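# Secondary and tertiary structure notes
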Amino acid sequence: MTDEVKPNPTEATTHDAQLAAEGMASGKEKTPKVDFDADYAAAQKLSVSEIDRTGKGEAAAQAATGSKYKVPEAKEIKTEAQATGNPKDYMELAKEVGNSETVTNVSDDLVEKALEKGKPGAG
């Protein structure tokens, strides 16, 4: 489908475009013909490179973007806590948690002071 360009000097965005449009409108310059179907077909050919038309394209893409290091597959590991019923196991765990830096020792005196400060009118 070939279309002829119909220039309009009043719609030109630059002075050069306006002069070209006036020349085409007066017949001094040749009016270009545009074949949209042929242009579209040519664009389709250019949109895929030659290497992508063969099996080498995928290999080249993998070589260019693939990881240089082998990454092992993730494995699902199931762990189950064995119920021992032994209180010493829990005491060990409590000691480990109790030794963290964020936990402080709270004495009965400290609790009493907090309760006193929490009462209305005390200060």
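Residues numbered from 1 in each chain as written. Predicted model: local features only at pLDDT ≥ 70, side-chain atom pairs only at ≥ 80, totals over all residues. Heavy atoms only, no water.

### A look at the overall build of the chain
Spelled out, the test is: Strands here mean DSSP runs of E at least two residues long; helices mean DSSP runs of H or I at least four residues long; both are numbered from the N terminus. In this scheme, a residue with accessible area under 20% of its type's maximum is buried, one over 50% is exposed, and one in between is partly exposed, where area comes from a 1.4 Å probe on protein chains only. Residue contacts are defined here by distance: any two heavy atoms, one from each residue, within 4.5 Å place the two residues in contact. Here, Shrake-Rupley sampling with a 1.4 Å probe gives the accessible areas, and only protein chains in the shown set may cover a residue.
Check the secondary structure of the chain and you find five helices and two strands. Start at the N end of the chain and walk to the C end: the helices and strands fall as β-α-β-α-α-α-α. Along the first, second and third principal axes, the C-alpha atoms of the chain reach 105 × 60 × 25 Å. For the chain, the residues scored as buried account for 4% of the 123 residues in total. Counting contacts in the chain only where the partners sit at least 6 residues apart, residues at least 24 apart contribute 49% of the total. Entry remark: accessible area of the chain is about 11800 Å², with carbon and sulfur atoms responsible for 55%.

### Some points on a nonpolar patch on the surface
Rules: Residues qualify for a patch when their relative accessible area is over 30% and they have no salt bridge, like charges being joined within 9 Å and the nonpolar side chains of Val, Leu, Ile, Met, Phe, Trp and Tyr within 5 Å. Whenever a carboxyl oxygen of Asp or Glu lies within 4 Å of a side-chain nitrogen of Lys or Arg, that contact is scored as a salt bridge.
A surface patch of nonpolar side chains, amounting to about 350 Å² of accessible area, comprises V106, L110, V111 and L115. Take V106: it is sitting in the loop between helix 4 (87-98) and helix 5 (108-117).

### Concerning the confidence of the model for the chain
Applied cut-off: Think of pLDDT as the predictor's per-residue confidence, scored from 0 to 100.
Per-residue pLDDT for the chain has a mean of 80; in total, 90% of the residues score no lower than 70. Looking over the chain, one finds the lowest element-wise mean pLDDT in strand 1 (residues 2-4), namely 73, and the highest in helix 1 (residues 15-26), namely 89.

### As for the environment of P32
Along the chain, the position of P32 falls in the loop between helix 1 and strand 2 (33-35). Its relative accessible area of 39% is what places P32 among the partly exposed residues. Distance in space between the C-alpha atoms of P32 and V5 is 6.1 Å, their sequence separation being 27 residues. If sequence neighbours within four positions are ignored, P32 has contacts with D3, E4, V5 and M24.

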